[in-house]
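The primary structure of each chain is shown beneath.
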Amino acid sequence: MPKPSLEAIAEGVFVWLQPDGGAGVSNAGVVVDGDGLTVVDTLMVRSQWAPFAAAVAELDQPVRRMVLTHAHIDHVGGTKAFPHAAVYASPDTSTLLDQPMPIDAYKAFMPAFTDEFDEIAELGTRPATHLVDGAASLTPRIEVLPASGHTSGDVLALVPDADVCFAGDLCFFGVTPLAFQGDPAEWALMLDAVADLAGLIVPGHGPIGGEVEVRELQGYLRACVEARGDVNQVGAGPWDRWIERDRDAINVERAAMLARGDDSIPPSMLTAIGLG
Ligand SMILES: [Zn+2]
């Protein structure tokens, strides 16, 4: 696997893309403003966030803020790497950050990182210091926008002058999305707005894309809803070349449960985290 690096995609806008983007392997970003840096998401385990934090330190500017796109551990595990940054997150993300971490579930779902999860349990994450409960200008360059679909507390970070949107896990490109806490139908609708936000979309997992990739993801989520609980009905599509297709079962089951008013975690996800 090639090592990730801090890559400039526009003036003062950097991405840190972890190759392949599977479970526990997410992206992060950095935006430069006049007063210093804003980090978008923080990766998961030390072997991921330590090189990222070191590269950010080489920019030689204070890290003023971080935006957490949602509470999943592969986006918030590295919050302690930026101890002086203000932490911006949705109210839902804030609540989850204040709760004990389900370390055994993480180990069952992402066994490749089992050894490092013990350190996360010890280290913990930082709490939110500022709540994003509406669309707001965070800095002269950055707008934060509340959203939902992947979780109930998603936040997007937009850099209009660079035509860049950090979409968090509202976008997975080349990687099957995971909707165990989301709503595939609502998520597909939300992607109409995401597609219009910027020309360059930085997903939570996978390589940078744009409207084409957003529409492919939207098509997949709609196929999951239309499968009505039968994973064999998802059918063919661009998703046939994506990784992590075992998530189809979770996404289809979740969509069918929500359609009948059941908001609980799908049994297929409970099995995947060792509780089934
Ligand atoms: Zn997520």
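Residues numbered from 1 in each chain as written. Predicted model: local features only at pLDDT ≥ 70, side-chain atom pairs only at ≥ 80, totals over all residues. Heavy atoms only, no water.

### Describing the coordination of the zinc ion
Step number 1: With distances of 2.1 to 2.2 Å, the protein atoms coordinating the zinc ion are His70 (NE2), His72 (ND1), His150 (NE2) and Asp169 (OD).
Step number 2: For the zinc ion, the four donor atoms in the first shell make angles of 89 to 169° at the metal, a pattern classed as irregular.
Step number 3: Going along the chain, you hit the donors of the zinc ion in the pattern H-x1-H-x77-H-x18-D. With histidine 72 in the loop between β5 (63-67) and α2 (73-76) and histidine 150 in the loop between β9 (143-147) and β10 (154-159), the pair connects residues that are 78 residues apart, well separated along the chain. (Donors = N, O, S within 2.8 Å, 3.2 Å for Na, K, Ca; no water. Tetrahedral: all angles 85-135°; square planar, octahedral: opposite > 155°, others 65-115°. Helix = DSSP H or I, 4+ residues; strand = E, 2+ residues; numbered from the N terminus.)

### Notes on the pattern of salt bridges
Pairing between side chains of opposite charge can happen when the charged atoms of each approach one another.
Step number 1: For the structure on display, the rule yields 11 salt bridges.
Step number 2: Across the pair arginine 215 and aspartate 192 runs a salt bridge, and its minimum N-O distance is 2.6 Å. Linking arginine 215 in helix α7 (residues 211-226) with aspartate 192 in helix α6 (residues 184-197), this pair joins segments that are 23 residues apart in sequence.
Step number 3: Judged by its relative accessible area of 31%, arginine 215 falls in the partly exposed class.
Step number 4: By relative accessible area, aspartate 192 is classed as partly exposed at 30%.
Step number 5: In this structure, the salt-bridge partner of arginine 245 is aspartate 248, at a minimum N-O distance of 2.7 Å.
Step number 6: Overlapping salt bridges, with partners in common, bring together Asp192, Glu211 and Arg215 in one network. (Salt bridge = Lys/Arg side-chain N within 4 Å of Asp/Glu carboxyl O. Buried < 20%, exposed > 50% of the residue type's maximum accessible area, 1.4 Å probe, protein only.)

### A few points about the nonpolar core
Step number 1: Within the largest apolar cluster, 33 residues are counted, with the highest numbers of intra-cluster contacts made by Leu6, Val30, Met44, Phe52, Val56, Phe82 and Phe117.
Step number 2: Elements supplying a minimum of two residues to this core: β2 (13-16), β3 (28-33), β4 (36-40), α1 (46-57), α2, β6 (86-89), α4 (103-109) and α5 (114-123).
Step number 3: No other element matches the five residues that α1 contributes to this core.
Step number 4: Residues in contact with leucine 6, not counting those within four places in the same chain, are Phe14, Val15, Trp16, Val30, Phe52, Ala55, Val56 and Leu59.
Step number 5: Listed in part, the 30 residues of the second largest apolar core include Leu145, Ala179, Ala198 and Val214. (Core = buried A, V, L, I, M, F, W, Y, C linked by side-chain atoms within 4.5 Å. Contact = heavy atoms within 4.5 Å.)

### Some words on the side chain of arginine 141
Step number 1: In this structure, arginine 141 sits in the loop between β8 (136-137) and β9.
Step number 2: At a separation of 2.9 Å, a polar atom in the side chain of arginine 141 contacts the main-chain carbonyl oxygen of glutamate 11.
Step number 3: For arginine 141, the side chain forms a polar contact with the main-chain oxygen of glycine 12, separated by 3.4 Å. (Polar contact = N/O pair within 3.5 Å; in protein donor to acceptor, adjacent residues only side chain to side chain.)

### A look at the sheet that holds β6
Step number 1: Spatially, seven strands are ordered β1-β2-β3-β4-β5-β6-β7 in an open sheet, and the strand pairing comes out mixed. Unpaired on one side and paired on the other, β1 (6-10) and β7 (130-131) mark the two borders of the sheet.
Step number 2: Here β1 pairs with β2 via four bridges, running antiparallel. Bridge pairing links glutamate 7 to valine 15 in β2. (Pairing = 2+ DSSP bridges.)

### Thoughts on the sheet that holds strand β11 (residues 164-172)
Step number 1: Across the sheet, which stays open at both edges, the five strands sit in the order β8-β9-β10-β11-β12 with mixed pairing between neighbours. A strand with exactly one partner marks an edge of an open sheet, and here the two such strands are β8 and β12 (200-205).
Step number 2: Of the strand pairs in this sheet, β10 and β11 are connected by three bridges, and their pairing is antiparallel. Residue valine 159 lies in a different strand from β11, and its bridge partner there is valine 164.

### Description of the side chain of threonine 125
Step number 1: Among the structural elements, threonine 125 can be located in the loop between α5 and β7.
Step number 2: Residue class for threonine 125 comes out buried when judged on its relative accessible area of 15%.
Step number 3: Discounting chain neighbours no more than four positions away, the residues touching threonine 125 are Ile73, Val76, Gly77, Thr79, Lys80, Leu97 and Met101.

### Regarding α1
Step number 1: In this model α1 runs 16 Å from its N-terminal to its C-terminal C-alpha over 12 residues, within 8% of the 16 Å that 1.5 Å per residue would give.
Step number 2: Those residues of α1 lying buried are Gln48, Trp49, Phe52, Ala53, Ala55 and Val56. Viewed end-on, α1 has its buried residues packed into an arc of 160°, placing them on one side of the element.
Step number 3: Those residues of α1 that are buried lie in contact with β1, β2, β3, β4, β5 and α5. (Expected span 1.5 Å × (residues − 1). Arc of directions from axis to C-beta.)

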